[in-house]
There are 2 protein chains.
Amino acid sequence: MKRWIWFAFCGCVLGSSVAASGQKFGYLGDFPLENGQVIRDCRVGYRTFGRPNADTSNAVLFPTWFGGRSRDLRFHVRPGGLIDSSRYFIIAADALGNGVSSSPSNSKMQPGRNFPEFTIRDMVRSQYRLLTEILGIRHLYAVIGGSMGGMQIFRWIVDYPDFMDFAISYVGSPRLASPDILLWTIELRAIELASRTGGGPDTALPVISLLQSLLIRTPNWLASHIPRERVQDFITRSDSTYGQLFHPWNWAAQIRAMLSHDVSLPYGSLESAARRVRAKVLVIVSATDHIVNPEPALKFARMIGAKTLVLENECGHLAVGCEMARVSRAIATFLKE
Amino acid sequence: MKRWIWFAFCGCVLGSSVAASGQKFGYLGDFPLENGQVIRDCRVGYRTFGRPNADTSNAVLFPTWFGGRSRDLRFHVRPGGLIDSSRYFIIAADALGNGVSSSPSNSKMQPGRNFPEFTIRDMVRSQYRLLTEILGIRHLYAVIGGSMGGMQIFRWIVDYPDFMDFAISYVGSPRLASPDILLWTIELRAIELASRTGGGPDTALPVISLLQSLLIRTPNWLASHIPRERVQDFITRSDSTYGQLFHPWNWAAQIRAMLSHDVSLPYGSLESAARRVRAKVLVIVSATDHIVNPEPALKFARMIGAKTLVLENECGHLAVGCEMARVSRAIATFLKE
């Protein structure tokens, strides 16, 4: 079985030997959230790739996908990847709740279920504060992100419209379509069910690992790449892979952030939100995506006059990984406009 | 929200006012299974629709889908449905484990987890014995079934090749593809997880109901038919609908039967099994099916020279219901050949 089918969201590879730049943290103190609650002693993880030019006008923000960490982005920030760190100064930002930035799994004062509920908007504001207050960056050349990272991109261009020249969302969404809401509700229900067993919420892993592995590609991809005789091996590897990613309350917290994500809020409507956008935007979606339905992204792209790239391969949510050369070229061309 | 989106597998409607013919049972005594175990006091439920002609040469067997009951078939056995009971004498047979025929839920001597593990092959043999020993039928004009019923059809034409002239499988499979195996493994894992809570295995329902509702149609169908604002209503209805269908050990028993289903057994290979087939066969599949992948059925259809009808609408596993007039005509034409 090829290693690349074990990519988790949008292409992170576990345990690779490729060196990553060092993990850094920005400390925001007590961080107030949209809902009025506060993350105590909030920290935002990040790594940088490439070098800033003289006026830091080549800075690009790249937030993480669901369950992803800034270290997972190192495969995407080089020639032939999504964006080239020999040209751009890339700040890979750990999204709240990913186990690196402040999260249910690492909070001393608000651990586990006691961690306050945050939103995609809170993630983005934590990154804005990291950039402006800690890194001294007042403007970005671009923002780029995939999946839940792409959701953060839609939020970035609406909430901070003058902060970037370019924005790229791949397999992201301005707000979830109904199938996506069902998927994440199933996972929340599995965690809730598991939390009622003696083993605790971790015991949701066997359900969640297979659900992710079933839906992250398409049924046709699985049917043609995983023969019946190899399914048990596939299941074992899926459990192992997601076992390394899965923390039930981190998982639940980021899921809730995706479920509440809606860039029309607080602006009244998608149209009002769309009118705020100033950046040049490229929206990349997968027509076969079973995790982030492409329709809301395409609808918002039409509203803001964004360029779009619709991938139509059988790789589902991982479509970008199956056409990386094409996507890499499209992004490079877009960023030079 | 339209009532028809609440069709469960292949189109059963709960609580309809349409009259069904009466429930009958065939009693087989102690019924030996493939694995050497025995279902004690085995009964097979059935209903008949239409009238036999003088020599009963118009008899058609219609076994139930996963979780389905013979009463659910009444909508499909009339003009404009799948098969017309004004022309054919239809015996709708309750598959083992469906809560009507002998099942974990109704067995006095082998209740719940103590019910022996049966196979699709056992279901078919129980129906063969019902027909030959109790109803005195030595030959069928046709067999027809959908989803798990279609799996039984593939088993029928291989195990009893001279027993029918025509056979129709819709959204069925001669053995499951890898995505189908993953899906059912998730549901078994949810039941196993739930059985470790104080509430018992019934508490798997919230996970299973949404998983079924997510996968029985396509993401695109859901995105375009269920607006975000209606998702909570959809979830409530899904829980209610599956709450009426779901019994955890019946569910698990029929799932295990599907997982072990493989018409190549005990014949050594699919080719050997295919060479046994004598019936004229029509194989109907859905290209967008996320519950029963169409590839194994199409592959076996090629081996046996079957006619095929590939539906390409967005309705997923319920594709037949979305093109009923077309399918009805195709079946009627096929049966007159």
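Residues numbered from 1 in each chain as written. Chains lettered and ligands numbered in written order. Predicted model: local features only at pLDDT ≥ 70, side-chain atom pairs only at ≥ 80, totals over all residues. Heavy atoms only, no water.

## Details of the environment of Asp262(B)
Positionally, Asp262(B) belongs in the loop between helix H7 (248-260) and helix H8 (270-276). Separated by 87 residues in sequence, Asp262(B) and Arg175(B) have C-alpha atoms that sit 4.4 Å apart. Leaving out residues up to four positions away in the same chain, Asp262(B) has contacts with Arg228(A), Arg155(B), Pro174(B) and Arg175(B). A distance of 2.8 Å separates the side chain of Asp262(B) from the side chain of Ser264(B), its partner in a polar contact. (Helix = DSSP H or I, 4+ residues; strand = E, 2+ residues; numbered from the N terminus. Contact = heavy atoms within 4.5 Å. Polar contact = N/O pair within 3.5 Å; in protein donor to acceptor, adjacent residues only side chain to side chain.)

## Quick notes on the relation of the copies chain B and chain A
Rotating chain B by 180 degrees and translating it 0.0 Å along the rotation axis places it on chain A, where the RMSD comes to 0.0 Å. Here the transformation between the copies is reduced to the relation of a two-fold axis. The position closest to the rotation axis in chain B is occupied by the C-alpha of Thr197(B), lying 2.3 Å away. Mapped onto chain A, 100% of the interface residues of chain B again fall at the interface, so both copies present the same surface. (Least-squares fit on C-alpha atoms with pLDDT ≥ 70 in both.)

## Considering the interface of chain B and chain A
Each side of the interface is counted separately: chain B has 42 residues, and chain A has 42 residues. Buried surface at the junction of chain B and chain A, both sides included, amounts to about 3,600 Å², of which 69% is carbon and sulfur. Joining chain B to chain A, the criterion identifies 4 salt bridges. Residue Arg189(B) is joined to Asp239(A) by a salt bridge in which the shortest nitrogen-to-oxygen separation is 2.7 Å. Where chain B packs against chain A, one counts 12 residue pairs in polar contact (both at pLDDT 80 or more). Where the side of chain B that touches chain A is concerned, the elements lending two or more residues are helix H3 (178-194), helix H4 (205-215), helix H5 (219-225) and helix H6 (231-245) of chain B. (Buried area = accessible area lost by both parts, 1.4 Å probe. Salt bridge = Lys/Arg side-chain N within 4 Å of Asp/Glu carboxyl O.)

## Looking at the side chain of Gln254(B)
Residue and element names in this part refer to chain B. Relative to the assigned elements, Gln254 resides in helix H7. For Gln254, a relative accessible area of 1% gives the class buried. Once you skip the residues sitting within four places of it in the chain, Gln254 turns out to touch Trp65, Phe66, Gly67, Ala95, Leu96, Gly97, Asn98, Phe118, Met123 and Met148. (Buried < 20%, exposed > 50% of the residue type's maximum accessible area, 1.4 Å probe, protein only.)

## Brief notes about the state of the cysteines
Residues and elements named next belong to chain A. Tallied over the entire structure, the rule returns 2 disulfides over all chains. What pairs with Cys315 in a disulfide is Cys322, and their sulfur atoms sit 2.1 Å apart. On the S-S bond that ties Cys315 to Cys322, the torsion sits near -95 degrees, and the link is left-handed. Assessed through its relative accessible area of 33%, Cys322 is described here as partly exposed. (Disulfide = S-S within 2.5 Å.)

## Regarding the nonpolar core
In a soluble, globular protein the nonpolar side chains are often hidden away together inside. Membership of the largest hydrophobic core comes to 183 residues, with the highest contact counts inside it found for Ile157(A), Phe300(A), Ile157(B) and Phe300(B). Excluding residues that lie within four positions of it along the chain, Phe300(A) makes contacts with Phe154(A), Ile157(A), Val158(A), Pro174(A), Val263(A), Leu270(A), Ala273(A), Ala274(A) and Val277(A). (Core = buried A, V, L, I, M, F, W, Y, C linked by side-chain atoms within 4.5 Å.)

## Regarding the confidence of the model for chain A
Residue and element names in this part refer to chain A. The predicted model of chain A has a mean per-residue pLDDT of 93, with 94% of residues at 70 or higher. Below pLDDT 50 for its whole length, residues 1-20 participates in 62 contacts with residues either more than four positions away or in separate chains. The ipTM value of the predicted complex is 0.93, and its pTM value is 0.93. (pLDDT = per-residue confidence, 0-100.)

## Digging into the sheet that holds strand E4 (residues 89-93) of chain A
Residue and element names in this part refer to chain A. Sheet architecture is open: 8 strands sit in the order E1-E2-E4-E3-E5-E6-E7-E8, paired in mixed fashion. Each having just a single partner strand, strand E1 (24-32) and strand E8 (307-311) make up the two edges of the open sheet. Here the strands of the sheet are splayed against their neighbours by 20 degrees on average, with no regard to which way each runs. Judged from the 7 bridges that link them, E1 and strand E2 (residues 38-49) form a sheet pairing that is antiparallel. Directly across from Lys24, in E2, lies its bridge partner Tyr46. Its contacts with the sheet place helix H9 (residues 295-304) against strand E7 (280-286) and E8, and it is angled at close to 160 degrees to E7. (Pairing = 2+ DSSP bridges. Axes fitted to C-alpha atoms, helices over the stretch in contact; angles between N-to-C directions.)

## Regarding the environment of Ser101(A)
Residue and element names in this part refer to chain A. Summarising the element assignment, Ser101 is placed in the loop between E4 and helix H1 (120-134). Along the backbone, Ser101 and Ser70 are 31 residues apart, and their C-alpha atoms lie at a distance of 9.8 Å. If we ignore the near neighbours within four places in the chain, the residues touching Ser101 are Arg43, Val44, Gly45, Asp94, Ala95, Leu96 and Asn106. Among the polar contacts listed, one links the side chain of Ser101 to the backbone nitrogen of Gly45, at a separation of 2.8 Å.

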